[in-house]
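Letter by letter, the chains look like this.
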Amino acid sequence: MTESNILSQEQLSNLKLYKYASVDKSYLSRYILRHYWDWAIEYFPINMAPNLITLTGLLFMILNVILVFIYVPTFEPEDAGPWWLYVSFSLGLWLYSTFDNVDGRQARRTGTSSPLGELFDHGCDALNCSFAALIQMSAMGLGHTKQAVIIFVIATAGFYLSTIEEYHTGVLYLGYVNVPTEGVSILCIMYLFSAAYGPGVWQNTLGSILPFLPESLANQTLKDTYIWVVAILFTLTHVPVCFYAMYKACERKGVPYIRTMLYDNWPIALYTVAFYSWATSPYSFILSHQYYGMFLLAAGMVFGRLCSKIILAHLTKSESPLPSVLLIPLVVGALVANLPGVLTFEPIFTPESEYLYICVYFIVSLVTYIHWAVRVIDSICTYLGISCLTIPEQKKGI
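What counts and how
Residues numbered from 1 in each chain as written. Predicted model: local features only at pLDDT ≥ 70, side-chain atom pairs only at ≥ 80, totals over all residues. Heavy atoms only, no water. Helix = DSSP H or I, 4+ residues; strand = E, 2+ residues; numbered from the N terminus. Rg over C-alpha atoms; globule rule 2.2 N^0.38 Å. Buried < 20%, exposed > 50% of the residue type's maximum accessible area, 1.4 Å probe, protein only. Contact = heavy atoms within 4.5 Å. Areas by Shrake-Rupley, 256 points an atom, 1.4 Å probe, with all protein chains shown as cover. Lys, Arg positive; Asp, Glu negative; His and termini not counted. Charge placed at Lys NZ, Arg CZ, Asp CG, Glu CD. Phe/Tyr/Trp six-rings, centres within 6.5 Å; stacked < 30°, edge-to-face > 60°. 1 Å grid on protein atoms, 1.4 Å probe; cavity = no way out; pocket = protein on both sides within 12 Å on 5 of 7 lines; lining within 4 Å. Points joined across faces, edges and corners; volume = space filled by probe spheres on them. Nonpolar A, V, L, I, M, F, W, Y, C, P; charged D, E, K, R; others polar. Salt bridge = Lys/Arg side-chain N within 4 Å of Asp/Glu carboxyl O. Core = buried A, V, L, I, M, F, W, Y, C linked by side-chain atoms within 4.5 Å.

A. The overall build of the protein chain, seen in detail. Counting its regular elements, the protein chain contains 14 helices and two strands. Over its C-alpha atoms the protein chain spans a radius of gyration of 22 Å, differing by no more than 12% from the 21 Å that the globule rule assigns to 398 residues. The buried share among the 398 residues of the protein chain stands at 51%. The contacts of the protein chain with a sequence gap of at least 6 include a subset with a gap of at least 24, amounting to 81%. Of the accessible surface of the protein chain, which amounts to about 18,700 Å², a share of 68% is contributed by carbon and sulfur atoms. Taking the 20 positively charged and 26 negatively charged side chains of the protein chain as two groups, their mean positions are separated by 12 Å.

As structure tokens, then:
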């Protein structure tokens, strides 16, 4: 099956077998936010398509990314933007989360639930990883540092593991404490702190707030502490839970676990190594010349394509897909940036050539992703007889 055909007849037929399944253990969702989302859905027009709600939510994040590049392109606390910028970050993230949780309710409300909804929803979530990372870097004043690189690595690895877990189990699992619920709520509050006190507040030490702490902890800055907590939670909770769920799924299906995990996870391993080694290479100018914002957008498009292909395979009950060819320029960039350190010759990239490479990479990734997404959406809509961003007339009266 060539990618030019997008979806085979068998894949299209399998769409009709789709049934969405999710488990959300969060107490915050169950006892508080669920009632808020049920209230919020009443304010959306009955003729507004669920996917249009999803897309509108993503536009709030895109707007804030544009504001970041206008007001805080360095991501440094010394170049802090106006207070309302950080309020916008908080409000935009909250609205994105709200719209992301309301779209499914709108689909059930209007009788327009379909596999396309999950693909569209999770596809937007995958793209949002890079948008959210850019906004978080700015709000916390991380600057062009390894800390900013680590934040994105954790976000993408976590999202990928959840995606591949759903592919194997058929269920989207959200734990008692999860990023889409508690994580989003905490970030919204943190952005409001940045609005009130400036992003420099995260440069303060723990000791300035909790003077009784031992010196080893007291000297840690708030931003360092936050990254350590996120990394520890990711390593000790999210990773083992995902792999255990996939182990049980493989055991149930009678497929070899180790071989399956190696095959399904080598793309994210390669992506992560290439991304991190390129961005942090001493022979790269991404951090030193403040190219990280554009680099993150380019890599974010590649990540979006990577995850969207897995989601599509899940919906069409297909074999785990090979990664996008868009991963190749990322690997090439990482090799070019690190070869001088291995073979001891002059750096290949210059500041100008590396920035040009990144900009072209972003444009190609964006155009390729949009072209692929439009063709997939059109194939699904044509086969199922549905529209992506509108509700058919006969459904509006439901």
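B. Here's a closer look at the packing of aromatic side chains. One pass over the structure, following the stated rule, counts 28 aromatic pairs. Their ring planes at 10 degrees and their centres at 6.1 Å tell us that tryptophan 278 and phenylalanine 349 sit as a pair that is stacked. Of this pair, tryptophan 278 sits in helix H10 (residues 257–279) while phenylalanine 349 sits in the loop between helix H12 (327–343) and helix H13 (351–384); the two residues are 71 residues apart in sequence, bridging distant segments of the chain. On the basis of relative accessibility, which here comes to 9%, the residue phenylalanine 349 falls in the buried class. Look at tyrosine 292 and phenylalanine 295: their rings are 6.4 Å apart centre to centre, the planes differ by 45 degrees, and that puts the pair in the tilted class. Residue tyrosine 292 and its partner phenylalanine 295 are both found in helix H11 (residues 292–315); the two are separated by three residues, about one turn of the helix. Each of the two residues, tyrosine 292 as well as phenylalanine 295, counts as buried. Ring-pair connections join several aromatic residues into one group, and the members of that group are Phe152, Phe159, Tyr271, Phe275, Trp278, Tyr292, Phe295, Phe303, Phe349, Tyr357 and Tyr361.

C. Molecular detail of the environment of tyrosine 197. Tracing the backbone through its elements, the reader meets tyrosine 197 in helix H7 (residues 179–197). Between the alpha carbons of tyrosine 197 and serine 138 there is a distance of 14 Å; along the sequence they are 59 residues apart.

D. Highlighting the layout of surface pockets. When its volume is computed, the second largest pocket comes out at roughly 600 Å³. Surrounding the second largest pocket, 26 residues form its lining, Leu55, Leu58, Leu127, Tyr369 and Ile370 being those nearest its centre. Listed by contribution, the elements that provide at least two residues to the lining of the second largest pocket are helix H3 (50–71), helix H5 (115–140), H11 and H13. With nine residues, H13 is the largest single contributor of residues to the lining of the second largest pocket. Per-class residue counts for the lining of the second largest pocket are 24 nonpolar, two polar and no charged.

E. Seen up close, the pattern of salt bridges. Counted according to the given criterion, the structure contains two salt bridges. Measuring nitrogen to oxygen at the nearest pair gives 2.8 Å for the salt bridge that ties aspartate 38 to arginine 105. Highlighted residues: aspartate 38 in helix H2 (residues 27–40) and arginine 105 in helix H4 (residues 83–110), separated in sequence by 67 residues. On the basis of relative accessible area, aspartate 38 is assigned to the partly exposed category, the value being 34%. We note a salt bridge from glutamate 251 to lysine 248, for which the minimum N-O separation is 3.2 Å. Within this pair, glutamate 251 and its partner lysine 248 are both found in helix H9 (residues 222–253), separated by three residues, close to a single helical turn. In this structure glutamate 251 comes out as partly exposed when scored by relative accessible area, which is 47%.

F. How the structure looks around unusual backbone geometry. Even without glycine at this site, glutamine 290 takes up a positive phi of about 60 degrees. Secondary-structure assignment places glutamine 290 in the loop between H10 and H11. For glutamine 290, a relative accessible area of 38% translates into the label partly exposed. One non-glycine residue, lysine 317, lies in the positive phi region at around 55 degrees. Within the secondary structure layout, lysine 317 lies in the loop between H11 and H12. When its relative accessible area of 51% is taken as the criterion, lysine 317 is described as exposed.

G. A look at the nonpolar core. Ranked by size, the top nonpolar core spans 109 residues in total, and within it Tyr271, Phe275, Trp278, Tyr292, Phe295, Phe303 and Leu330 carry the most contacts. Residues within four places of leucine 330 in sequence aside, it is in contact with Tyr271, Ala274, Phe275, Trp278, Phe295 and Tyr361. Judged by nonpolar contacts, the second largest core, of seven residues, contains Ala40, Phe44, Ile53 and Val102.

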